[in-house]
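Architecture and fold: a report
The residues making up each chain are set out below.
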Amino acid sequence: MFNNFPFQFNFPSQGVECAFCLPNGQVIKVRFSSDQKKIYMQRQKRRFMLKQNILVLANQIHNANSIAQINTIAKMNNICDCCDYSGLHMDAAKYSLVAILESMNRFSELRSKMCFLGSDTAFAKLIADLERGDVTVLQKFGLDSILPSNEVQKITQLIKSNNASGEVNDNIAYAVAGGGLFDGIMLREKSFNNSSLFRTLINLSGGCKSGFSPTGCSSIKSIVDHEVGHLIDFSRGISSKKEFISYHGSLTSSDIRSGLSEYACHSIVEFFAEGYSEYCNNAYPREISKKIYSFIK
Ligand SMILES: [Zn+2]
């Protein structure tokens, strides 16, 4: 329900030709100059630094009067490279950004994954603009000195072919693993705009009661935390670690369903993200979520 991983991006330690590996096994190669590669490698190591007290900043976000103001606060505080919550209910934008801020303050390396935060439609528009040759999009993502301009089209095709632009998808939120170039978290406009937010919250509350979602996970924050969980997993490779696979394997589907959520049965990746979300949102996190969280440290 919540996420897709459009592509993995691998830079070999030697050489400047990197490979985008798609889930279907297809590989697209892109050539970088050695300087571009150097800047890209630095981009991967970025860490989040708070510029002011976190409560003051969270308050500033909650007191914003417009989406434009929320986007600006995100940018000014270096929460992400490009922020565009256009189309969303202001509360969706505010709670989303504050949730991301809280997790990123705990796990500062997440900053390298926060290239884009916002709505799926805003992201789709940016990618479409880029495809048409609008280089200001690269500036917005801080990629103008990284991406070879003759390869940009290849990359936008790649994003589109993997449905990361959020045009046709039933998910309500997405974590995008875009090789450190276009990673981020986006909310679906159709589910979080002014006319749909209330209905979405009712659905989430129903999903929580039925056990589809973990205990405590019926808020915008919990949805975003689930996506943050994917990015933590993606950056630390937790769900592919032996110990984690073995813990996951020690539980039956019924254990997972009753001790975490129905959705967590979907895959080991969702199991991790659901556990992270419950740990952050249930006042009394249950055993499975506590155990899952312990793998982060
Ligand atoms: Zn997910």
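In this report, the structure presented in the accompanying data block is examined.

Scoring rules and cut-offs
- Residues numbered from 1 in each chain as written.
- Predicted model: local features only at pLDDT ≥ 70, side-chain atom pairs only at ≥ 80, totals over all residues.
- Buried ≥ 20, exposed ≤ 12 C-beta atoms within 10 Å, placed from the backbone.
- Helix = DSSP H or I, 4+ residues; strand = E, 2+ residues; numbered from the N terminus.
- Arc of directions from axis to C-beta.
- Contact = placed C-beta atoms within 7 Å.
- Pairing = 2+ DSSP bridges.
- Axes fitted to C-alpha atoms, helices over the stretch in contact; angles between N-to-C directions.
- Core = buried A, V, L, I, M, F, W, Y, C linked by C-beta atoms within 7 Å.
- Domains from an automatic or database assignment.

Quick look at helix α3 (residues 67-76)
Looking only at α3, the buried set comprises Ile67, Ile70, Asn71 and Ala74. Down the axis, α3 shows its buried residues gathered within 100° of arc, on one side only. For α3, the exposed residues lying more than 90 degrees away from the buried face are Ala68 and Met76. Elements in contact with the buried residues of α3: α2 (54-62), β4 (82-84), α4 (90-106) and β5 (116-119).

Concerning the sheet that holds strand β7 (residues 184-187)
Spatial strand order, β4-β5-β7-β6: 4 strands in an open sheet with mixed pairing. Across the chains shown, the open sheet's two edge strands, defined by having one partner strand only, are β4 and β6 (173-176). Along the sheet, successive strands turn relative to each other by an average axial angle of 10°, direction set aside. Pairing geometry for β4 and β5, over 3 bridges, is parallel. Counterpart to Cys82 in the pairing with β5 is Phe116. Those strands touched by helix α10 (residues 220-236) are β6 and β7, and its axis lies near 20° from that of β6.

A closer look at unusual backbone geometry
Positive phi, normally seen in glycine, also occurs at Asn78, with a value near 55°. Residue position: Asn78 is located in the loop between α3 and β4.

Points about the nonpolar core
Burial of nonpolar side chains together is a common tendency in soluble globular proteins. By size, the foremost hydrophobic cluster in this structure holds 69 residues, and its most contacted members are Cys80, Leu97, Ile100 and Leu117. Residues from two domains meet in this core; each of domain 1 (1-5 + 47-188) and domain 2 (196-297) gives at least three. Sequence-distant contacts of Ile100, that is, excluding residues within four places in its chain, are made with Ile79, Met114, Leu117, Ile185, Val224 and Val228.

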